[in-house]
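The primary structure of each chain is shown beneath.
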Amino acid sequence: MLLHLSAAFDLHRDVVPWLAERLSAEAAAPVAGLRAGLDPVENNYENLHVVNVERNGKVIYSCKDSKRNVFFGLYDLQTKKNEHLYTFEKDLQVVSCSVNREKTLLAASFIQSAKEIRNELQPASKCLTLLVEIHPVNNVRVLKAVDSCVWVQFLYPIDERNPFPESHLLLISEEKYIEQFHIQVFREDENRVVIRNSGHLPRDRVVEDFVWAQWDISEQRLYYFVLKKSESILKCIQFYADENFSLIFEVPLDISFGDTGLTLVNFGCEDSQNQEMLSKNLNLRVFTSHTGSLCVCYNKKLDAEERVTYSVFYLHKGYSKTFTTDLGILENQSMKNITFLNLDYYLAVYLPGHFLHLLNTQHPDLMCHSLFLTGEKEKMDLLPDGPLQSLSGALAWDWCSGKLFRVSFNQSSLLHFLWSSPLDYERVAVLHCALARGRNPRVLEVQIIRWIFENMWTCHAFDPIQEFLIASLFWKFCLDISNMDKLLPHSSLRSWNTEIPGVTLVTEDILLPLMKVQSFKGYWEKLNSNLEYVKYAKPRLQYNNNVVRREWRNLISEEKKGKRRSTVYFRNILENAVKVISNLETWTVEPRLAPLFQEEDNHQRLLMGLMVSELKEHLLRNLPVQFIGKKNIEQLVLDYVSKMLDLLCQMLETSWRKHSLHSWVFHFDGRGSTGEFAVFHIMTQILDSVNRMCLPLPPGFHTLYMALGVRCLPLHSLLRYIDDGVLLLTETGVTKLLKDLDNTEKNEKLKFSIVARLPPFIMQKISQLWDHPINSHIISRNYVKRLLQRHRRQSRNSAIDKSSFLIEFLPLNYLIEVLTEMETTRQALNPFEGCDTVDTKFVEETALKQTMILLNLSKNCDN
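This one's a predicted model, so the numbers in the text were calculated from it and none came from an experiment.

Draft legend 1. Main features of the sheet that holds strand β6 (residues 92-99). Taken in spatial order, the four strands make up an open sheet running β6-β7-β8-β9, and their pairing is antiparallel. Because the sheet does not close on itself, it has two edges, and the strands there are β6 and β9 (137-146). When strand polarity is set aside, the average angle formed by the axes of neighbouring strands in this sheet is 20°.

Draft legend 2. Looking closely at the sheet that holds strand β3 (residues 58-64). What the four strands build is an open sheet, ordered β2-β3-β4-β5; its pairing is antiparallel. Both outer strands of the open sheet, β2 (49-53) and β5 (81-88), are each paired with one neighbouring strand and no more. Along the sheet, successive strands turn relative to each other by an average axial angle of 25°, direction set aside. Bridging between β3 and strand β4 (residues 70-76) involves seven bridges; their strand directions are antiparallel. Opposite Cys63, over in β4, you have Phe71 as the bridge partner.

Draft legend 3. Region of interest: the pattern of salt bridges. According to the stated counting rule, one finds 29 salt bridges in the structure shown. Its salt-bridge partner being Glu219, residue Arg221 comes within 3.7 Å of it at the nearest N-O pair. In this structure Arg221 comes out as buried when scored by relative accessible area, which is 3%. Classification of Glu219 as partly exposed rests on a relative accessible area of 28%. Two residues, Arg757 and Asp723, come together in a salt bridge whose shortest N-O distance is 2.8 Å. One end of the pair, Arg757, is in the loop between α20 (745-755) and α21 (760-766); the other, Asp723, is in helix α18 (residues 715-723), with 34 residues separating them in the sequence. Because the salt bridges share partners, they merge into one network encompassing Lys144, Glu179, Arg203, Arg205 and Glu208.

Draft legend 4. Layout of helix α19 (residues 731-740). Here α19 has its buried residues at Gly733, Val734, Thr735, Leu737 and Leu738. Each element contacted by the buried residues of α19 is listed here: α17 (701-712), α20 and α21.

Draft legend 5. Structural context of the side chain of Arg549. As for its position among the elements, Arg549 is in helix α11 (residues 546-560). Polar contacts involving the side chain of Arg549 include one to the main-chain carbonyl oxygen of Arg692, which spans 3.1 Å. When near neighbours in sequence (up to four residues on either side) are disregarded, Arg549 contacts Asn691, Arg692, Met693 and Cys694.

Draft legend 6. Expanded view of the nonpolar core. Within the largest apolar cluster, 156 residues are counted, with the highest numbers of intra-cluster contacts made by Leu358, Leu619 and Ile686. A per-element tally of this core places helix α15 (residues 630-658) first, with 14 residues. If we ignore the near neighbours within four places in the chain, the residues touching Leu619 are Met484, Leu487, Leu488, Ile633, Leu636 and Val637. The next biggest cluster of nonpolar side chains, apart from the first, holds 42 residues, and it includes Leu19, Val59, Leu170 and Val206.

What counts and what doesn't
Residues numbered from 1 in each chain as written. Predicted model: local features only at pLDDT ≥ 70, side-chain atom pairs only at ≥ 80, totals over all residues. Heavy atoms only, no water. Pairing = 2+ DSSP bridges. Helix = DSSP H or I, 4+ residues; strand = E, 2+ residues; numbered from the N terminus. Axes fitted to C-alpha atoms, helices over the stretch in contact; angles between N-to-C directions. Salt bridge = Lys/Arg side-chain N within 4 Å of Asp/Glu carboxyl O. Buried < 20%, exposed > 50% of the residue type's maximum accessible area, 1.4 Å probe, protein only. Contact = heavy atoms within 4.5 Å. Polar contact = N/O pair within 3.5 Å; in protein donor to acceptor, adjacent residues only side chain to side chain. Core = buried A, V, L, I, M, F, W, Y, C linked by side-chain atoms within 4.5 Å.

Written as structure tokens, this is what we have:
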């Protein structure tokens, strides 16, 4: 089961035993049934149900005692304790109930039974709305007595440290208006809390002529639709602690209400009785997340169709997506009740027994970042058969079972599904789900890396190493700071053209919400930033490594040509790399198995430093530095690059452990084992994935890769890797190779092939390490080649002392004469240029030795 539902509250588990103990003296027979765990209906407790869940996690429930009096109780999710709130000594049907934060006032609305109405001396209203002083139980005041239904909801301060100076109560009428009552209380006789001026409570008319409304319990917001001409307009009101409220935004949406009547969402927990009073034909929910996303989920219930169509309006993105899926023949029509659940970064669309659709709200552009499951794959057997009501956060209410669930991703199931699915679009989606909501990130990363190593050659539509690196960095760094998710990449994929079986999709542009206030704080600031980005961010601001790639290649090319940038420039770049490596080492708890970070590896340090420099400039240019702080941004960049290197190190560590290379010592002699061969191929894939994104590798990676290549590959394959630029020859690696290997015929051939392919800047440094005629020949040849390439035809110096050439071999004499002149000119032009141990005398001696070897004269000369 991909979604984990843990019961935070269960009527039968948390309330029934307490009620049974409390009411045992009044109703012994029903109590026996309750204790036995029988259905409440069989015990004549058909009205035992949850009425409301308040913002502070307190659950209000109602039942009737043996005298048919209405009993209200409260269960605290934190303390796990029940308490009695109030009992109405009448046989009434509860519509709604709410208690204020201080638990001094209780508001409730009822429908009077026909018997109660007949007992009244004068014509009575059908619906009563009462306000009761309950600290202690005292006066009861009638707020409304009308024939239409009324729902009640106390406001709660968002900041618990700043309680309201007075209580505020919303009254929602079936007549399609909402009022706010302001209720002041004072203490009387020390403990008694009573209402001040209860005969006249100030009130405001908040909303009129609405057709749909949803209460956001957590953030104290009211979303509602009004019909204006032919348009359905969504509006939002934010309530504040100072008694004020503001209209935040409005936006027209293509949603047809028709004659659906009134629909209320989250004004109490919806049970079967309350549902009869409201519309059954419209399923509509508004969801937000702390990252500034705003989504409207909509499903129009149709009786005749054998398919389900639901739409999600991504208001923070400026488009909507309409999904259609075939259901086949349904056993009963109630199975067509879709549940929408808010999972913060995701929305879950769930139809019991048919499908589960997990929609990515951060980046919904590509379908492969959302997971659609049908049939047996969805594993719905452990989820409720009936619809769920999504409350604040990740809470969901199942009124059929009387349970309040906390909904979360099941990490173990996600990983199991990742291993078992052969479909690329499911793999991408599950990978993001796991990284977005995973616990124990270190353990999760290792498990995903293991999956990558087993399946990277079966992924055809995406590169799992690239996707893992980018997605891990995104979900770790990009959601806590405003706009970061727009500035850094979230995926290695830029498009997805493959259809997802079982569901069709239509995408349409929609109007952006019109913000009605000038200043924003908290969530509204993030939402407004998202909207501004959609309107004005052309071209897109997402970071990529193209500039780094171009600059890095230029630096490498200049190095090969002997050119150098300014010392200050190089020092700044390399200092960035030092900071990254130092930052990374602070995260390292255990010694590394793979021998990395044992050399300078200037090329990788350059790339590392360039990425830090470019990324820092990118963020400083696009983030509000005055609010975040320059030092915080600089540290964020260091953490970002460090984490990327850490993930690459984890890959090598995991492969080292998997193939039991714990005791492996860095060396070149001998043949590689099966484990080394497997690790070499893994490193090849890592190298390819990283190079295509131009990301830095941990210093020492190329040397380690070279050592494994020498030990695992036949010579012709090794040279092909080198010639194709896959395997790079490093100074550290070549130095150790020349020292480790003796001069057997096989090793000489290997050494010669390696030395002949060395870049000049490495050749100059290690030229004297291999004392062999072949090496001298190569050194001399490269020296001559370098001098001739630098030579510009100039008039020859006639003052050369020809008596210095003692060998009577005219071709060699002429060559040495030319080289001597060129060397003299070079040193005169640039006397400070670094000198090596090779000169014309060395070339002359090497040439003679090689000639003697070729003519078989070496033995005669020795004699």
